Structures are given as C-alpha cells and as structure tokens.
Amino acid sequence: QVQLVESGGGLVQAGGSLRLSCVVSGRTVSSYVMGWFRQSPGKEREFVAACNWSGSYVRYLDSVTGRFTISRDNAKNMNNLEMNNLKPEDTAIYYCAASIRASYSSTNPSLYDYWGQGTQVTVSS
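Residues numbered from 1 in each chain as written. Predicted model: local features only at pLDDT ≥ 70, side-chain atom pairs only at ≥ 80, totals over all residues. Heavy atoms only, no water.

1. A word on the side chain of Glu 6
Within the secondary structure layout, Glu 6 lies in strand β1 (residues 3-7). Lacking a salt bridge, the buried Glu 6 has Arg 45 as its closest oppositely charged neighbour, with an N-O distance of 7.6 Å. Of the polar contacts made by the side chain of Glu 6, one reaches the backbone nitrogen of Gln 117; its length is 3.1 Å. Side-chain polar atoms of Glu 6 contact the backbone nitrogen of Gly 118, separated by 2.9 Å. Excluding anything up to four places from it in sequence, Glu 6 contacts Ser 21, Cys 22, Trp 36, Tyr 94, Tyr 95, Cys 96, Gly 116, Gln 117, Gly 118 and Thr 119. (Helix = DSSP H or I, 4+ residues; strand = E, 2+ residues; numbered from the N terminus. Buried < 20%, exposed > 50% of the residue type's maximum accessible area, 1.4 Å probe, protein only. Lys, Arg positive; Asp, Glu negative; His and termini not counted. Salt bridge = Lys/Arg side-chain N within 4 Å of Asp/Glu carboxyl O. Polar contact = N/O pair within 3.5 Å; in protein donor to acceptor, adjacent residues only side chain to side chain. Contact = heavy atoms within 4.5 Å.)

Here is the structure:
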C-alpha cells in the first residue's frame, strides 16, 4: 500500500516561511513525477508545483514562482516544498501527490495516482 505523508504545515505570519515535506512508503517513486497541490474552502484543488524524476525539471503556479521551491531526494523517497515570503492567499490545505503518468508540466490533478492526506498552511496578515 502506497502512502504519502506530508508534514511541516502550520500558522505563519505574512512574509514568513515554511517547509513542507512528503515521505512516501510502500513504493519507490524515484521514476514518478512528484507534485504539490492546494485547496482552500469553496475552491477547486489547485496545482502548485511539480518536478520530474530527477528534480531537474520543475513547474510552478505563476503566483508562487520565485517564492516556492520544490526538490526531491530519491534516496529517501521524499520531496520538499520550500515556501518563502508567504502571503495570506497561500492559505490552504497542501497535498503531496505522485504520478507515473503525468509530465512534470501537467497541472491536472486527475493524472496523479497517489495522494497524501494534506497539511494545513495558514498565513495571517
């Protein structure tokens, strides 16, 4: 059974930073695209960032470009999302996801095969 477990969420003031981590168990995901999505109340799940198997190719939501950085450690079967200069509009539940089908540039959540349970990020103004 594949499990993705996120950690690192919390409450932070605007301008602050958080680092989200996603550890995968039950399957080696070194060949998978790894991504992060977020969802806030009343809104659809939104693509945030993704990287290819090596981490050398990445894509970001326009509004987080320059502030967020996705990285991965295949030896540890995990990836991270470093979030800097956080804004109140970044408040959401953040989900880690893995896909064998998607390209790193795909923003469609339906292409992702495995999902974590989510971690809450709250940015106060």
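2. Side note on the state of the cysteines
Applying the stated rule across the entire model yields one disulfide. Through a disulfide, Cys 22 is tied to Cys 96; the S-S separation comes to 2.0 Å. Residues Cys 22 and Cys 96 are joined through a disulfide that is left-handed, its torsion about the S-S bond being -80°. Highlighted residues: Cys 22 in strand β3 (residues 18-25) and Cys 96 in strand β9 (residues 92-99), separated in sequence by 74 residues. Under the relative-accessibility criterion, Cys 96 is labelled buried at 0%. (Disulfide = S-S within 2.5 Å.)

3. Looking at the pairing of strand β7 (residues 68-73)
Across the two faces of β7 the burial differs, with Phe 68, Ile 70 and Arg 72 buried and Thr 69, Ser 71 and Asp 73 not buried at all. The pairing of β7 with strand β8 (residues 78-83) spans six bridges and is classified as antiparallel. Bridging from a neighbouring strand, Arg 72 pairs with Asn 79 of β8. Hairpin geometry of β7 and β8 is characterised by an intervening segment of four residues between the two adjacent antiparallel strands and by a positive phi of about 55° at Asn 77. (Pairing = 2+ DSSP bridges.)

4. Here's the deal with the environment of Trp 115
Looking at the element boundaries, Trp 115 is found in strand β10 (residues 114-115). Sequence spacing of Trp 115 and Arg 67 is 48 residues, and the spatial spacing of their C-alpha atoms is 23 Å. With residues up to four places along the chain from it excluded, the contact list for Trp 115 reads Leu 4, Phe 37, Arg 45, Tyr 95, Cys 96, Ala 97 and Pro 109.

5. With respect to the packing of aromatic side chains
Aromatic ring pairs are described here by two measures, namely the spacing of the ring centres and the angle between the planes. With the rule as written, the count across this model stands at six aromatic pairs. Taking 5.7 Å as the distance between ring centres and 80° as the angle between the ring planes, the aromatic pair formed by Phe 37 and Phe 47 counts as edge-to-face. In this pair, Phe 37 sits in strand β4 (residues 33-39) while Phe 47 sits in strand β5 (residues 46-51), placing the two residues 10 residues apart along the sequence. Ring geometry for Tyr 112 and Trp 115: centres 6.1 Å apart, planes at 55°, overall tilted. Over the ring of Tyr 95 we find Arg 45, and its NZ or CZ is 3.8 Å from the ring centre. A cation over an aromatic ring shows up here: Arg 45 above the ring of Trp 115, its NZ or CZ 4.8 Å from the ring centre. (Phe/Tyr/Trp six-rings, centres within 6.5 Å; stacked < 30°, edge-to-face > 60°. Lys NZ or Arg CZ within 6 Å of the ring centre and 35° of its normal.)

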